[in-house]
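# Inside the fold
One-letter residues, chain by chain:
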Amino acid sequence: MLKIKNNTKININEIPILPIKDFREEIISLNFRPIGFFGKSSENDSVRLFAVLADDKAGDIYISSTKFSANEKSYECLTKEIPAFHIFEREFYEQFGIEPLNHPWLKPVRINQDKYEFFEMTGEEVHQVAVGPIHAGVIEPGHFRFMCNGETVYHLEIMLGYQHRGIEELILKSPSNQLAESICGDSVIAYNTAYSQIMETLQGVQVSDKAQLIRKAALEMERMAIHIGDLGAIAGDIAYLMGASVFGATRTLVINTMLEFCGSRFGRGLICTGGVNYDFTEEKINRALKTFEKVIKDVERMVNTMLKSSTVMSRLEKTGTISMERAKEAGLVGMAAKAAGVELDSRFDFPDKWMDELHFEKKKFKATGDVNARFKLRYKEIQQSYSMIKKIFAKLQEYKNDDLFVSANNQLSPNSFVISIVEGWRGEVVHIAMTDVNGNLSRYKIKDPSFNNWYGLALAVRNNGVSDFPLCNKSFNLSYAGNDL
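Before going into details, it helps to say that this report is about the structure given with it. Bear in mind that the values here come from a model prediction, so they are computed numbers and not experimental data.

### Concerning the overall build of the protein chain
Along its length, the protein chain carries 17 helices and 16 strands. In terms of C-alpha radius of gyration, the protein chain reaches 22 Å, essentially the compact-globule figure of 23 Å for 485 residues. For the protein chain, the spread of C-alpha atoms along the three principal axes comes to 70 × 65 × 35 Å. By the burial criterion, 57% of the 485 residues in the protein chain qualify as buried. Looking at the protein chain alone, contacts between residues at least 24 apart form 69% of all its contacts between residues at least 6 apart. With an accessible surface of roughly 19900 Å², the protein chain has 49% of that area assigned to carbon and sulfur atoms. Separation of charge centres in the protein chain, based on 58 positive and 62 negative side chains, amounts to 4 Å.

### Some thoughts on the side chain of R378
Among the secondary structure elements, R378 is positioned in helix α14 (residues 371-396). Reaching out from R378, the side chain makes a polar contact with the backbone oxygen of R374 at a distance of 3.2 Å. Discounting chain neighbours no more than four positions away, the residues touching R378 are H227, D230, L231, I234, M335, W425, K474, S475, F476 and N477.

### Some details on the pattern of salt bridges
It is possible for side chains of opposite charge to pair when their charged atoms get near one another. Inspection of the entire model under this criterion finds 37 salt bridges. Put simply, E200 and R215 hold a salt bridge, and the shortest N to O gap is 2.5 Å. With E200 in helix α5 (residues 188-203) and R215 in helix α6 (residues 209-237), this residue pair connects regions lying 15 residues apart in the sequence. By relative accessible area, which is 6% here, R215 ends up buried. Residue R347 is joined to D345 by a salt bridge in which the shortest nitrogen-to-oxygen separation is 2.7 Å. Each member of the pair, R347 as well as D345, is classed as buried. A single salt-bridge network, built from bridges that share partners, covers E220, R223, K338, D345, R347, E381 and E423.

### Things to note about the sheet that holds strand β9 (residues 126-131)
The sheet built from three strands is open, its strands ordered β9-β10-β11 with antiparallel pairing. Of all strands in the sheet, those bounded by a partner on one side alone are β9 and β11 (152-159). Taking each pair of neighbouring strands and ignoring which way they run, the sheet shows an average axis angle of 20 degrees. Note: β9 against strand β10 (residues 143-149), six bridges, orientation antiparallel. Bridge pairing in β10 places H127 opposite C148.

### With respect to empty space enclosed by the protein
Inspection of the entire model under this criterion finds five cavities of 30 Å³ or more. When its volume is computed, the largest cavity comes out at roughly 230 Å³. Forming the walls of the largest cavity are 21 residues, and the residues nearest its centre are I87, R90, I158, W454 and Y455. Elements that contribute at least two residues to the lining of the largest cavity include exactly α2 (86-96), β11 and α15 (449-460). Residues that form the lining of the largest cavity fall into these classes: 13 nonpolar, five polar and three charged.

### Things to note about the environment of D279
Of note, D279 is situated in the loop between β13 (275-276) and α8 (282-307). The exposure class of D279 is partly exposed, given its relative accessible area of 26%. Considered as a pair, D279 and A481 are 202 residues apart in the sequence and their alpha carbons are 30 Å apart. Among all residues touching D279, those that are not within four sequence positions of it are K210, I214, F261 and L404. At 3.1 Å, the side chain of D279 forms a polar contact with the side chain of K210.

### Remarks on the sheet that holds strand β14 (residues 416-423)
With respect to topology, four strands assemble into an open sheet ordered β2-β14-β15-β16, the strand pairing being antiparallel. Two strands lie at the open edges of the sheet, namely β2 (9-11) and β16 (441-447), each paired on one side alone. Recorded for the sheet is a direction-independent mean angle of 15 degrees between the axes of neighbouring strands.

### Observations regarding the state of the cysteines
Under the counting rule described, the total for this entry stands at zero disulfides. There is no disulfide at C262, and the cysteine sulfur nearest it, in C272, is 12 Å away. We classify C262 as buried; its relative accessible area is 5%.

### Brief notes about the pairing of β16
The element β16 is extensively covered by neighbouring structure, given that six of its seven residues are classed as buried. In terms of strand pairing, strand β15 (residues 428-435) meets β16 through six bridges, oriented antiparallel. Paired with T435 across the two strands is L441, which belongs to β16. Where β15 hands over to β16, the hairpin turn is made up of five residues, of which G439 adopts a positive phi near 80 degrees.

### Overview of the packing of aromatic side chains
All chains considered together, the criterion is met by 22 aromatic pairs. Seen from their ring centres, F38 and F50 are 5.6 Å apart, and the 20 degrees between their planes marks the pair as stacked. Within this pair, whereas F38 is found in strand β4 (residues 33-41), its partner F50 is found in strand β5 (residues 47-55), the two being separated by 12 residues in sequence. Comparing F38 with F50, the two get one shared label, buried. By the ring-pair criterion, three or more aromatic residues cluster together here, those being F37, F68, Y75, F85, F88, F92, F96 and F451. Between the NZ or CZ atom of K107 and the centre of the ring of W105, over which it lies, the distance is 4.4 Å.

Rules used throughout
- Residues numbered from 1 in each chain as written.
- Predicted model: local features only at pLDDT ≥ 70, side-chain atom pairs only at ≥ 80, totals over all residues.
- Heavy atoms only, no water.
- Helix = DSSP H or I, 4+ residues; strand = E, 2+ residues; numbered from the N terminus.
- Rg over C-alpha atoms; globule rule 2.2 N^0.38 Å.
- Buried < 20%, exposed > 50% of the residue type's maximum accessible area, 1.4 Å probe, protein only.
- Contact = heavy atoms within 4.5 Å.
- Areas by Shrake-Rupley, 256 points an atom, 1.4 Å probe, with all protein chains shown as cover.
- Lys, Arg positive; Asp, Glu negative; His and termini not counted.
- Charge placed at Lys NZ, Arg CZ, Asp CG, Glu CD.
- Polar contact = N/O pair within 3.5 Å; in protein donor to acceptor, adjacent residues only side chain to side chain.
- Salt bridge = Lys/Arg side-chain N within 4 Å of Asp/Glu carboxyl O.
- Pairing = 2+ DSSP bridges.
- Axes fitted to C-alpha atoms, helices over the stretch in contact; angles between N-to-C directions.
- 1 Å grid on protein atoms, 1.4 Å probe; cavity = no way out; pocket = protein on both sides within 12 Å on 5 of 7 lines; lining within 4 Å.
- Points joined across faces, edges and corners; volume = space filled by probe spheres on them.
- Nonpolar A, V, L, I, M, F, W, Y, C, P; charged D, E, K, R; others polar.
- Disulfide = S-S within 2.5 Å.
- Phe/Tyr/Trp six-rings, centres within 6.5 Å; stacked < 30°, edge-to-face > 60°.
- Lys NZ or Arg CZ within 6 Å of the ring centre and 35° of its normal.

Listed below in structure tokens is the structure:
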């Protein structure tokens, strides 16, 4: 397999095309984590299948491919050997009709409303509980089918795919920062950063240090804001209304600071290909730091108060637990993985130059895999993001005369392949782009962390009470939009 780094450009012709047998053996022997596994239509109705693997410890990315002729409609699945491939192989089969033989759970990922065969359990005491796709709250559509014995959940099956937006095709037709930041509304900065880095690499554009630091600060502000909001949502689901109120008001302080910086509470319009559209002036930075100091004190006080409450801990501890072994097998990423003891964080695993220069260090976390762990991890990451923002703001003073924006020629490099991995607050956001001989986008692949983690939620609720599902669900807080591309 070809070895590359994050945000680097290679010629597509350098990517090996292996016979399917060798392709499988290479992937299995390396046994690295899949971050991309997708097809691309080729000439004569053939399909080229790409595999992208992450060596997180070394910060390397491995790429290879195989090709199926128009008459080849199956291959021996990889999921039996590496279970984390299960969702990737299901998506590939759904999109191209090439079946991974002996796949243990070959269910639809998105195209599922016509015919979906739910897992069935029989027995006098077994009953089903169906929730959605229309929910009581103002959330996006998804269907949850519980197999229960009394109040105990034996099995949960999650059916998504109710939104057919065609995002990847839209980017091919009309690529823009506005489209990229609209893919997943609570991860505007992460998505727009990944897209911008892709386009800048393809155009040969070097963004200024100032713009890079502003993007980095915005990404941590996004992480802080959503994590604080999630602490409030978890508090609300256990009827701890003081926590819900305090965290809700505190989150507002963070997103209103983003509003002051760029005119949008969620950072829309801040990032553009070539840099950023708005400056983080010294006056605004000083006001932000005062605000964030209050935010951190309020969050610390509320978290510590909650964790001292026996009624709170009775709801958080040992609820929705997923083991480290199961999290690895299922291929979980980001928050869900770290809370189970799987240390994945692409900020540190695939670092840019600022991670070393600003001496950012990966923090160890005592993982128990339950709602309590996901609650505490958010708190730890809020503190970490605050610490990072202070260092980034201080560093920005050295580059106050830098340009915010570097003009690009909009001409993409032909026959190129680029991958950009950005650690959003949920976990890794992966964008992959390819161009044809004329320098036009020919394939654009997106992977949200929720794509990996929805199955983890289904595993986590087993042997819990069905009434604990809202709490488990909120502790994962996965994206419907990120899955239903």
